[in-house]
Each structure stands twice: as structure tokens, then as C-alpha cells.
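This is what each chain is made of:
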Amino acid sequence: MNKWRDNKAWFLVLPVFAIVAFSAIIPLMTVVNYSVQDIFGPGQRYFVGVEWFRDVLLDARLHDALFKQLSFSFLVLVTEIPLGIVIALMMPKKGWTASACLVILALPLLIPWNVIGTIWIIFTRPDIGLFGAIVNNAGIAFDHTASPVDAWITLMLMEIWHWTPLVALLAYAGLRAIPEAYYQAAKIDGASSWAVFRYIQLPKMRGVLTIALLLRFMDSFLIYAEPFVLTGGGPGNTTTFLSIYLVKIAVGQFDLGPAAAFSLIYFLIILLFCWLFYQALQAVGTGDKA
């Protein structure tokens, strides 16, 4: 009887399970069903097995989009992580100035993703945009709608402006968690600023930096709204990442079978990164205990 009374607590999970099944599992099963069929219309569908998966995996455009996605994520990480650390080191530690810096730093994170793209479209327009007009008046032809290089520069500047504050806030939290005794010991030993950073601050920020690194990688790998609003994947296919390419297949071409297979492959890639994210966090936690 007591065992049954204890097990009744599992009924509290049923509403959550029902919501997850309705919002995730059932649509996922629908996508799996579409990925193995060729659909011509209502009641006209034929089983094709793994044909769509084979076609998607051999698609050169998919390989190109994946390369662009990985390149974008790499550029984001090698820029935002060091820049966020520098900003965190420069921020004041106490007083109202520290609070003001934290509020100002967090403002870009509060702006919706689609609004970010619209802001940067206006900001970088060569005729009326502040940035675009200044650059073009300086004698440098800049137009992100016509030049692939300018499109990548604009997209990178937008992403760095939007998400570097997250890295800086995490790094700042890691710095504030370092006991003052470490700095006092370093001062007594006559350690330089670089030595303090190399042997005290950087090791103590390892946990938050790992979180920042993996969060930014996963988020940049899933990016859709900002490049879609800013460039639409262009000029040409210059900024067509995996998410934009998937939408083009599913909505633009209405190829439900290939789109379903593509989305499942994309989903498996995301699961792989989630697993790596979890394993890295576990390793960081074990290292901290040691």
C-alpha cells in the first residue's frame, strides 16, 4: 500500500508528458513519416525508404551550407570569447558604475532576434544607414546586399554586437567568484598582471567559459532569424546556412520528403552537439571538484 502511495507521485508527470507528446513527439513522428514517403497529394503517397536521406546527404548544396555554418560558428567563437573576456576584465568590480555597466551590457540581449536584423539593415544601408553612409563617404564601397564579403562582415558585426555581452556577463560572474585572497597572495609574490590572469583568473573562469563557448557554438549553429532578416541567405547563397536552406526546401520548394529527411539529419547533428555540451559540462564539474 505504501509503495502504491509513493508511486502515485508519477501521476504528476502525466500532464507534462502529454504536453511534450503533443508538442514534440507527435510532430516528430509526422516528420519521420514524411521522410520515408514521396507525397504527390492527399491520399497519393508512396514509400521510398531511405531515398530522401541518401539524396540529402549527397546534396552539394547541403555540404556548402554545412561548411558555411561551421565557418560562421568558428568565426563567432574566436571573436566573441576573447572579446568577452577583455570586456569583463575592464569592467569595474564595485559601486554604481558596475551596476550601470551590467545593465548597459545586457541591453542587446533583450532585443528580439528579428528586430536585431531590421536594426542592422537600416544601420548598414549605404544611403541612409549611419554605418553604411560613413563607410561609403570614406571612399570604401560597402553594400551587404550586393557583396558577399560585405554580407559576411555585416552578419559577423551584428552577431558579435548581439551576443558578446552574454560571454562578458558570464566571464564577469566568474571573475567576481574569485576570492580576494588569491589576489592578495599574488600581490605579495609580486606577480604581474599577465601572471594573475594566466594562473588565477583564467583557470577560475574555466567553468563559465566552457558554458559560454558551448552555448555560443550551439546558438550560432542554429541561427536563422538574424541572417534571414538581414540578407535572406544572399547575396546568392553566400549566407545560406543550414536553417535557411531547410526553410527553402520545406516552404519555398514544398518538397516535404527531402525537407523532412533534412530536418531529421539536422536534429541528429543538434543532438550530437547537445551530448558534447553535456559531456563537457560534466568534465568541468569533475575538474572543479578535483
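Residues numbered from 1 in each chain as written. Predicted model: local features only at pLDDT ≥ 70, side-chain atom pairs only at ≥ 80, totals over all residues. Heavy atoms only, no water.

Named according to an unreviewed UniProt entry, the protein chain is Sugar ABC transporter permease originating from Pseudodesulfovibrio methanolicus. Under the heading Subcellular location (unreviewed entry), UniProt records this for the protein chain: "Cell membrane". Here the protein chain is described in UniProt, under the heading Sequence similarities (unreviewed entry), as follows: "Belongs to the binding-protein-dependent transport system permease family." (UniProt positions renumbered as here; feature names shortened; annotations may be inferred.)

Undergrad: I'd love a proper account of a nonpolar patch on the surface, names of residues and values included.
TA: There is a patch of nonpolar side chains on the surface, built from Trp10, Val13, Val16, Phe17, Val20, Ile25, Met29 and Val32 and spanning about 760 Å² of accessible area. Residue Val13 is classed as partly exposed on the basis of its relative accessible area, which comes to 42%. (Patch = residues over 30% accessible without salt bridge, like charges linked within 9 Å, V, L, I, M, F, W, Y side chains within 5 Å. Areas by Shrake-Rupley, 256 points an atom, 1.4 Å probe, with all protein chains shown as cover. Salt bridge = Lys/Arg side-chain N within 4 Å of Asp/Glu carboxyl O. Buried < 20%, exposed > 50% of the residue type's maximum accessible area, 1.4 Å probe, protein only.)

Undergrad: Summarise the side chain of Asp59; cite the residues concerned and give the values.
TA: By secondary structure assignment, the location of Asp59 is in the loop between α3 (51-57) and α4 (60-90). Among the polar contacts made by the side chain of Asp59, one reaches the side chain of Tyr245 at a distance of 2.3 Å. (Helix = DSSP H or I, 4+ residues; strand = E, 2+ residues; numbered from the N terminus. Polar contact = N/O pair within 3.5 Å; in protein donor to acceptor, adjacent residues only side chain to side chain.)

Undergrad: Lay out helix α8 (residues 148-176) in plain terms, naming residues and giving numbers.
TA: Along an α-helix, a turn takes 3.6 residues, which lines up residues three or four apart on a common side. The terminal C-alpha atoms of α8 lie 41 Å apart, and with 29 residues this matches the ideal 42 Å at 1.5 Å per residue to within 8%. The principal kink in α8, of about 35°, is found at Trp163, preceding the proline Pro165 by one to four residues. (Expected span 1.5 Å × (residues − 1). Bend = angle between axes of the 7 residues up to and from the residue.)

Undergrad: Can you tell me about the environment of Ala173, naming the residues and giving the values?
TA: By the secondary structure assignment, Ala173 is in helix α8. Given a relative accessible area of 44%, Ala173 falls into the partly exposed group. In this structure the C-alpha to C-alpha distance between Ala173 and Val208, which are 35 residues apart in sequence, comes to 7.9 Å.

Undergrad: Report on the UniProt feature "transmembrane region" (unreviewed entry) in the protein chain, specifying residues and quantitative values.
TA: UniProt feature "transmembrane region" (unreviewed entry): in the numbering of this structure it lies at residues 12-36, 70-90, 102-123, 160-178, 207-225 and 259-278. Annotated as residues 70-90, this span is 100% helix and 0% strand, and its ends, taken at the C-alpha atoms, are 30 Å apart. Span residues 207-225 is 84% helix and 0% strand, its end C-alpha atoms 29 Å apart.

Undergrad: Which residues make up the UniProt feature "domain: ABC transmembrane type-1" (unreviewed entry) in the protein chain, and what values do they have?
TA: The UniProt entry lists residues 66-277 under the feature "domain: ABC transmembrane type-1" (unreviewed entry), expressed in the numbering used here. Its end C-alpha atoms 19 Å apart, residues 66-277 is made of 75% helix and 0% strand.

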